[in-house]
Amino acid sequence: MARQSATEPATKPLRWNTFRNVLQKLHLWVGLALAIPFILIGVTGSIIIALTYQPALSEPAATAQGEIAPIARILAAAQASVPEGYEATTVVLPPSEGRPAAVQVGLPSGQRPADRNLQGLIVYVDPVSAEVLGTTERRRAGPFKRTVTAMHIALMAPGHYGLQTVGFMGVFMTLFGITGLILWWPKRGQWRQGFVVKRGATGWRLNRDLHSVFGIWTLLVFLMLSISGVYLAFPVTFQSVLETVLPMENTLTPVTVPEATLATISNPNAVTPDEAIILALAAVPRSRALSVQVPPIPDGIHMVTLAPEPFADDAPQISVFVGPGTDISDVVDPRGYALGKRILSWMRVMHYGQGFGFVWSMFILLCGFLPVLFVITGVRMWWLKRAQRRVLPVGAVAPAE
């Protein structure tokens, strides 16, 4: 066996330092080159999440106390409050106490509205007293939201080129997360310092600590947002790649309603909206009702939307089609998807801060500003080091990046 050369132990650190220096420069200069699109995508994503909560801020309060009124009564109250020809179609149940039921009202059949942005009405009804609390218009997104959305998903570029550009930005963000992890990796015995900002740090050290500490604490979320952004930009390609390693085929499971539940239905040939919800909940356990869409004819099909327990209302939702009569026509339950499709359905909702409640939404909203933080601290590190090199005497070494 050949004897190991005395110089070999020193070659490994040398190669690692060379690799790290090259990676550092790529991380810096590519990050500077893509700083503006990264910031635009992140900040506009945060604005979109904030805008989703805007309608709830203008909802009237429901103050009546007691048992919730039958949905048919809530529908009748909403229908009586709108002009002739408008039809109440869907009741969104109050998500919490003190919130109203929101009845969606469709435009008159066969009439094209003069205002093309108008999609219908929402009538807010107290779920206990069935008193109409107010009415608002359902409209398409206004100019501001359309602009923000176009900036987020396509950087305002025309056609599919913008969407592809944003998709590739997601790829670069994923690579930045991975390379950032490699550059952050602490030396032996220095792990604690890698997770905290050094007390009293200033200048270059403060910016380095902020850059690396915020990066490591948010790394998993940052990668989730980046990878899910790639999926949303290239759904077909992403799914094709994912199905090479994870199953995508769904298996249908039979859905049955217990006989005891069926016995509570007063008229099996004319199910009420409340009874449709009862049947849906009995057919799909571990869920809660979110809304019910009523059919235009008495013996039609109700569509009941459920939220899976224990997740938030905006988790991947379950659709149950009840009717004619007490039959369960179909059930679309993401919990029954194959693993690959379950991952894709969760990636979509988590990307927009959904699925885990208000705290998760606010956390994702704040994470949209991470590119701003990374760009500012990265530029400051580069500038301070560059300035220090100018004043250092010959032969002195500037701090490592």
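Residues numbered from 1 in each chain as written. Predicted model: local features only at pLDDT ≥ 70, side-chain atom pairs only at ≥ 80, totals over all residues. Heavy atoms only, no water.

### A word on the pairing of strand β7 (residues 318–322)
- Of all 5 residues in β7, 4 are buried, a share of seventy percent or more.
- By the bridge criterion, 5 bridges tie strand β6 (residues 302–308) to β7 in an arrangement that is antiparallel. Within the sheet, the bridge partner assigned to Val304 lies in β7 and is Val320.
- Bridge count between β7 and strand β8 (residues 328–332): 4 bridges; the pairing is antiparallel. Across the sheet, the residue bridging to Ser319 is Val332, located in β8.
- Following β7, the chain reverses through 5 residues before pairing antiparallel with β8; Gly323 in that reversal takes a positive phi of roughly 130 degrees. (Buried < 20%, exposed > 50% of the residue type's maximum accessible area, 1.4 Å probe, protein only. Helix = DSSP H or I, 4+ residues; strand = E, 2+ residues; numbered from the N terminus. Pairing = 2+ DSSP bridges.)

### What about the packing of aromatic side chains?
- Scanning the entire structure with this criterion turns up 18 aromatic pairs.
- Ring geometry for Trp184 versus Trp191: centroids 5.8 Å apart, planes at 75 degrees, classification edge-to-face.
- A relative accessible area of 36% places Trp191 in the partly exposed class.
- Linked through ring pairs, Trp184, Trp185, Trp191, Phe195 and Trp217 together constitute an aromatic cluster. (Phe/Tyr/Trp six-rings, centres within 6.5 Å; stacked < 30°, edge-to-face > 60°.)

### Let's talk about unusual backbone geometry
- Cis peptide bonds are those with omega within 30 degrees of zero, and the linkage from Glu309 to Pro310 qualifies with 5 degrees.
- Note that Pro310 resides in the loop between β6 and β7.
- With an omega dihedral of -5 degrees, the bond running from Gly323 to Pro324 counts as a cis peptide bond.
- On the secondary structure map, Pro324 appears in the loop between β7 and β8.
- One non-glycine residue, Ala130, lies in the positive phi region at around 60 degrees.
- Tracing the backbone shows Ala130 in the loop between β3 (118–125) and β4 (132–139).
- Owing to a relative accessible area of 10%, Ala130 belongs among the buried residues under this scheme.
- For Arg286, which is not glycine, the phi dihedral falls at a positive 55 degrees.

### Some points on the environment of Phe168
- Of note, Phe168 is situated in helix α6 (residues 159–184).
- Separated by 65 residues in sequence, Phe168 and Ala233 place their C-alpha atoms 8.5 Å apart.

### Description of the sheet that holds β3
- Pairing in this open sheet of 8 strands is antiparallel, and the strands run β4-β3-β2-β1-β5-β6-β7-β8 from one edge to the other. Each of the sheet's edge strands pairs with one partner strand only, and the pair in question is β4 and β8. Neighbour to neighbour, the strand axes of the sheet diverge by 20 degrees on average, direction disregarded.
- Across the sheet, helix α11 (residues 273–283) touches β5 (287–293), β6, β7 and β8, and the angle it forms with β6 is around 45 degrees. (Axes fitted to C-alpha atoms, helices over the stretch in contact; angles between N-to-C directions. Contact = heavy atoms within 4.5 Å.)

### Quick notes on the confidence of the model for the protein
- Confidence in the prediction of the protein, expressed as mean pLDDT, is 88, and 92% of residues score 70 or more.
- Mean pLDDT across the elements of the protein ranges from a minimum in helix α1 (residues 8–33), with 81, to a maximum in helix α8 (residues 219–233), with 96. (pLDDT = per-residue confidence, 0-100.)

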